[in-house]
Each structure stands twice: as C-alpha cells, then as structure tokens.
Amino acid sequence: MPRGTDRRQLPRDIGHGEVTGRAHADLVAGVLDALPSPTVLIDADGTMLLANSAWRDAGDLLADDRLRVGVGANYFDVIRSLADDDADRAPVDELRELAAGTRSLVSLDHGLRTLAGLRWFHLQASRADQSGRLVVTHTDITSRVEAEQASDWRARHDHLTDLPNRAHLHELIDSELRRPGRGPVSVLFLDADGFKDVNDTLGHEVGDHLLRELASRLSGSTRTLDTVGRLGGDEFVVLCRDCDVEGALALAERFQRTFDAPFDLGERSTRLTVSIGVASAPDVAPGLRSTDLVRDADLAMYAAKSAGRNRVRVFSPDLRSAVEQRVLVAAELREAIDTGQLVLHYQPVLHLPTGEVSGVEALVRWQHPTRGLLAPCDFIPLAEQYGIVVPLTRWVLGEAARQCVEWERAGLSLITGVNISAAHFGTGTLVADVLDALDEAGLAPERLLLELTETSVAEDPLRAAAQFAQLRIAGVEVSIDDFGSGFSSLSQLVSIPAGVLKMDRSLLAGTATRRSESAAAISAVVGLAAACGMRSLAEGVETADQLALVTELGCAYAQGYFIARPMTAEDVPGWLAAHRAARSGGRLRQLA
C-alpha cells in the first residue's frame, strides 16, 4: 500500500480471496493516493473505506478537526457538520441517490465553511461497484470562485464609487417590487447641479474625486434599508424600501442638506446643489417594473431642474404626458422635414450707410397640418433635444441657397443669412454641409452668411476659429449672433475670424427709458467690432428713434420690425419694390 493512504479496517471482500483481495485493495489505495485532490472511498451509508493522503493534508491545512477524520468515520456526518442550511446538505442527498443507482454522476461546486473561512470545492463522485460504494474527489476551486465572484461584483458595481451600477440597481428595484408583503417603494433620482462645470474647468480627475465625495455623502445620509446607486455621470438613484412619498421627501431634504457644506477638491473647494425627482409605488402595484419607476423619477428630476435647480419634485402623470407629447412632436418634425411641411420666411437687413437692403435672414417655420404655422420657438428646442437639428439645418441651408439663386435669376442680389445651432456647430460636419448646399444650388459662397450665437462660439472657441477660417477661405461670410447676451471674452472675440458682429436685441430694448446707457453700450459694441475688423449689425429695431440712433452710432446694418417683419419668399420682391419707392420718395417708413 502506498505510504500515507489510510485503509484501516479495509474490507476483505473487495477481491475473490484474501490474497487477491489485499492486492486489489492495495491497488485501489495506490490509485487514490496518486490523485492530487482529497479523495475518499465510501460505502452506501457514508462510511469511509479509504482516504488518500491529500484528504489528510487538507484537514491539517485548514486546521479544522471536523475534517481530521479517516477510515471508519462517516463522510455524510462530516458534510452535515459543516453545513449551515439545507442547501449545504444537498450533496448528501445526491450521493445517496448515486449509491442507490438513481443517478449516474454527482458533479457540483460546494462551499465548506471551515475554521479557515469559506472554501469552495468541486465535488465529483461516481460508483465504484454495484454495491453502492462511491469514489468522491474534492478539487479546491476557492481561487476560481473568488475571482468569479469578484468579477461578478465588478460587473454589478460602479468602478469609481463602488455603488451598485445601473444594471444592478434595476435588479434590486425589481426584486423589491416583487417581494411578497412589501411596503411602499420609493425611488429618488438625483442630479448634481453644476457638476459639468467642475469637470470641464478642473479636469476629469478632480471630477472623479468629486463623484466619490458625492457617493460618500449620499450613502452616509440614507437609512439602513436604503440603497444608493450610480447610473452614470453625476446621476444617482436611491432605492427606498418601505418608504412612501412623505418619507421620500424627508429623505430628499436630508440629501439637500448634505450639499450645504463645500466639497473639498484638494487645493480648492466648491459648492454644489442637487435636483431631485421622486417616484413612489404603493404596496400593491402589479406589473410595475424598475424601468417605470426610475423613468418617472427621472422625469420628476428634470422638472426640478427646469424649475430652477436645487429643488425636489414628485412625479405626476402630467409629466409623462408632456414627455409623450414632445416625443410625438419630434417624430412629426422628422416627417415634416421629409414631406415638405417646413417653409422659410425672410427678414430684410438694411445697409444703413446707403439705405439699401443688402440681404435677408432666413427663418424657418413649420406649416403643421393641424396646428397651423408654428414659430421656431415651438419646435427648435425639440429639434435640439432629440437630435433633429442637424437634418433640419441641412434642409434650411439647401432651401435658402436654392431660393437665393432663384432671386438672382430674377435680378435680386441678396445675401442670405442662415442661423446655425450650437448642436450642428459641434458635430464637425458644418463646413461640409454648407459647401454641399452651395454646390447643389449653384450659389456663390459670398451670397451666404452663417450666423452662430455668441454662447455657442464661447463654448469651444478653438473649434469655432478653425471652422470659421475654413468657411471664410471658401468665401462664406460668418456672423456672431446675439452678441452681448453671452459671456465670451475679448481675447476669444479677437481670435474668431468673423466678418459681422450682430448685437443682441436687449441692447436696443432699453433705449426708451435709459437712452444714454443703451447708446453707450451700442457705441462700445460698434467700436469693438471695428477694432476686430468686423461690421456691426443691430437687430430688434422696432422704432424710428432706434433706427436713427444705431445709424448715428455707426452701425453698418440693422433689422427689425420697424424695417420689415419676416415674410414669405414670394413677398420679398414686392416688399423690395415698395422699399425702393419709399427711398426714392425721400422717406423711410415702416413697411411691415
């Protein structure tokens, strides 16, 4: 018999005689002892007939007397002594079935709670003979199981904050919604106000530190029943078990108070606020899913942000109806672009030194089949929100260029201005889209003027400068629109290769009550434009006095209701003729 194999009390009936039986027993013992995994031979009742040296070594390694047993001991009793519940005792039942011949193999991963901690073994057993004797091997798979568990944990938790991630949060919420006898369930959706500014100005490393701080504060403010998770970015969700709306609102107020103290970012600190949406499910809510509850809380959070940030809002069905309506209108807008429901109106631009109309600004309208003619404010925000603004702008560019060519053929030489959304500006396709529209219409580049708002330029001045330069090289003029409403620096303005500076209408709005202050502001913008090699354009001219003022202060161009309201392309030639007649008669009057 190989050294180390425990075969005390080995039965003599393994072979057909004492000598043969002993030789057979030695062979079996040798085979078992050669196996690297702890292995035992047991009879149908669990009595251990053989145990190899690896089995004995495992007991010593784990320093657990319950495993320091050998031949004669009952293997089933060993398993039961290490079991905490019925699931841990399952191997005994399967081994008995194997011994009885009702199953052909036992192969399972089994956790043993030893004194050295939880160890995992792959238990595999097969019948040794027809009498029900079994050979049972135990392969230590603790490292593999722990690695799999760690990988599974990482897959269900956010790598930055160690909080449950989006997928795991939904699992937890669904599990709570299905729990028998549960109480009401509430979900809080939190979004940190101003986080993007920190991330953009101080960098992602500081932003990550701030997110960990946020996670720590939120987790420290919850009840033991609650679970805080991170959806992504600066969005967090809190699952509140056995919590109605009133309790959720109290918890939301507690979260808001945690934002009162500044956040330490190393060399500096910052203060943030939080917008919170609340959605709640009663104790009986058949068919309700986690996605429904989180969506509703998300809608409530956006309502809180829209109300001015740092607020708490509770979900109501009206919020969902409003979103559904926006989605419907967005779908209709996509169809409108393809089916010819959009139209352009044009507002004339006056060249003040000569009094001639130098061009027009193209303004899109939507001829809705049931709602009538819609102004841009009714659908442009939706276009930007739902990613439709780029195809919409491409349509405007193409139609404006085509119309400009048609006017040229009729003898009208007009420069057409087209507004470009910041969303389109950020795609990187602007230059190509403009050139495609010019080529398709056959329009000379100098007949097109692109207008981008000051705020969109200020968001990414380097990209603005690069694209503006490409457009001007191609011959397309560029205008900075709404100047005076944003926060761009003078250094950025100097570096932007634009040809026209279009001052915001708010600068003219105060001329009736604060004429001298408004005049000073307008004069400053005119001087700034001239210093930067640009011409100035005053928009929002609504009175004769305003027109006279901007002319006196040296503005190059003006537009507004006093000069003309936006009109259809068909009305432009007639209006131009009337304007020329008015000029020839020595008067300039409102022709709108």
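About the criteria used
Residues numbered from 1 in each chain as written. Predicted model: local features only at pLDDT ≥ 70, side-chain atom pairs only at ≥ 80, totals over all residues. Heavy atoms only, no water. Helix = DSSP H or I, 4+ residues; strand = E, 2+ residues; numbered from the N terminus. Rg over C-alpha atoms; globule rule 2.2 N^0.38 Å. Buried < 20%, exposed > 50% of the residue type's maximum accessible area, 1.4 Å probe, protein only. Areas by Shrake-Rupley, 256 points an atom, 1.4 Å probe, with all protein chains shown as cover. Lys, Arg positive; Asp, Glu negative; His and termini not counted. Charge placed at Lys NZ, Arg CZ, Asp CG, Glu CD. Polar contact = N/O pair within 3.5 Å; in protein donor to acceptor, adjacent residues only side chain to side chain. Contact = heavy atoms within 4.5 Å. Pairing = 2+ DSSP bridges. Phe/Tyr/Trp six-rings, centres within 6.5 Å; stacked < 30°, edge-to-face > 60°. Lys NZ or Arg CZ within 6 Å of the ring centre and 35° of its normal. Salt bridge = Lys/Arg side-chain N within 4 Å of Asp/Glu carboxyl O. pLDDT = per-residue confidence, 0-100. Axes fitted to C-alpha atoms, helices over the stretch in contact; angles between N-to-C directions. Parallel < 35°, antiparallel > 145°, perpendicular 65-115°, else oblique. Left-handed = near helix turned anticlockwise from the far one by under 90°. Nonpolar A, V, L, I, M, F, W, Y, C, P; charged D, E, K, R; others polar.

Below, the discussion takes up the overall build of the protein chain. Secondary structure summary: the protein chain contains 22 helices and 22 strands in total. In terms of C-alpha radius of gyration, the protein chain reaches 39 Å, well past the compact-globule figure of 25 Å for 592 residues. Every one of the 592 residues in the protein chain was classed for burial, and the buried ones make up 47%. Accessible surface, the protein chain as shown: approximately 28,300 Å² in total, 51% of it carbon and sulfur. Across the protein chain, 60 positive and 83 negative side-chain charges occur, with their mean positions spaced 1 Å apart.

What follows concerns the side chain of Glu-176. Mapped onto the fold, Glu-176 is located in helix α6 (residues 166-178). One polar contact links Glu-176 to Arg-241, side chain to side chain, over a distance of 3.5 Å. With near-sequence residues (within four places) excluded, Glu-176 lies in contact with Arg-182, Val-185 and Arg-241.

We now examine the pairing of strand β7 (residues 227-232). Across a regular strand the side chains alternate sides, sitting on one face of the sheet and then on the other. The element β7 is extensively covered by neighbouring structure, given that five of its six residues are classed as buried. Pairing between β7 and strand β8 (residues 235-240): five bridges, direction antiparallel. Bridging across to β8, Thr-227 finds its partner in Leu-239. In this structure, the hairpin formed by β7 and β8 is closed by a connection of two residues, where Gly-233 is found at a positive phi of approximately 55 degrees.

How two aromatic rings sit relative to each other is given by the distance of their centres and the angle of their planes. According to the stated counting rule, one finds five aromatic pairs in the structure shown. Connected via pairs of aromatic rings, a cluster forms that spans Trp-55, Tyr-75 and Phe-76. In this structure, Arg-217 is placed above the aromatic ring of Phe-263, and the distance from its NZ or CZ to the ring centre is 3.7 Å. Over the face of the ring belonging to Tyr-561 we find Arg-565, whose NZ or CZ atom lies 4.0 Å from the ring centre.

Moving on to the pattern of salt bridges. Enumeration over the complete set of coordinates arrives at 33 salt bridges. With its nearest N and O atoms 2.8 Å apart, the salt bridge here joins Arg-320 to Asp-296. Residue Arg-320 is located in helix α11 (residues 317-339), and its partner Asp-296 is located in helix α10 (residues 290-306); the two are separated by 24 residues in the primary sequence. What makes Asp-296 buried here is its relative accessible area of 6%. The closest approach of N and O atoms between Asp-545 and Arg-515, which form a salt bridge, is 2.5 Å. Remark: Arg-515 occurs in helix α20 (residues 515-531) and Asp-545 occurs in helix α21 (residues 544-552); sequence separation between them is 30 residues. Owing to a relative accessible area of 38%, Asp-545 belongs among the partly exposed residues under this scheme. Judged by its relative accessible area of 35%, Arg-515 falls in the partly exposed class.

What follows is about the confidence of the model for the protein chain. Caution applies to low-pLDDT parts of the model: their predicted coordinates are not meant to be read in detail. Overall, the predicted model of the protein chain reaches an average pLDDT of 87, with 91% of residues at or above 70. Mean pLDDT across the elements of the protein chain bottoms out in helix α18 (residues 490-495) (65) and peaks in strand β13 (residues 342-351) (97). A low-confidence stretch, residues 8-17 stays under pLDDT 50, and its non-local contacts, those more than four residues away or across chains, total 19 contacts. Below pLDDT 50 for its whole length, residues 588-592 participates in 15 contacts with residues either more than four positions away or in separate chains.

It is worth spelling out the sheet that holds strand β3 (residues 106-114) at this point. Judged by pairing direction, the sheet is antiparallel, and its five strands sit side by side in the order β2-β1-β5-β4-β3 without closing on themselves. Strand pairing shows two members of the sheet lacking a second neighbour, β2 (48-51) and β3, which therefore form its edges. Pairwise comparison of adjacent strand axes, ignoring direction, gives a mean angle of 25 degrees for this sheet. Two strands pair when backbone bridges link them, and strand β4 (residues 117-127) and strand β5 (residues 134-140) are joined in this way by seven bridges, in the antiparallel orientation. Residue pairing in the sheet places Leu-123 in a bridge with His-138 of β5. Packing against the sheet, helix α2 (residues 53-62) makes contact with β1 (39-42), β2, β3, β4 and β5, and its axis sits at approximately 85 degrees to β2. Strands β3, β4 and β5 of the sheet are contacted by helix α5 (residues 142-156), whose axis makes an angle of about 120 degrees with β4.

Below, the discussion takes up the side chain of Lys-305. In this fold, Lys-305 is placed in helix α10. Among the polar contacts listed, one links the side chain of Lys-305 to the side chain of Asp-191, at a separation of 2.8 Å. In contact with Lys-305, not counting residues within four places along its chain, are Asp-191, Ala-192, Asp-193 and Ser-275.

It is the contact of helix α15 (residues 430-441) with helix α17 (residues 461-474), at a shortest axis distance of 10 Å, that shows an interaxial angle of 20 degrees. Considered as vectors, α15 and α17 are oriented roughly parallel to each other. Handedness of the α15/α17 crossing: right-handed. Contacts between α15 and α17 involve Leu-430, Val-431, Val-434 and Leu-435 from the first element and Gln-467, Gln-470, Leu-471 and Ala-474 from the second. Residue classes in the contact of α15 with α17 are distributed as six nonpolar, two polar and no charged.

We now examine the sheet that holds strand β11 (residues 273-281). Across the sheet, five strands lie side by side as β7-β8-β6-β11-β12; this open sheet has mixed pairing. Whereas interior strands pair on both sides, the edge strands pair on one side only; in this sheet they are β7 and β12 (312-314). Recorded for the sheet is a direction-independent mean angle of 20 degrees between the axes of neighbouring strands. Here strand β6 (residues 185-193) pairs with β8 via six bridges, running antiparallel. Residue pairing across strands places Phe-189 opposite Val-237, the latter belonging to β8. Relative to β8, helix α8 (residues 204-219) is tilted by about 15 degrees, and along the sheet it contacts β6, β7 and β8.

By secondary structure assignment, the location of Asp-162 is in the loop between α5 and α6. The spacing of Asp-162 and Gly-232 is 70 residues in sequence and 12 Å in space, taken between C-alpha atoms. The contacts of Asp-162, once residues within four sequence positions are left out, are Trp-153 and His-157.

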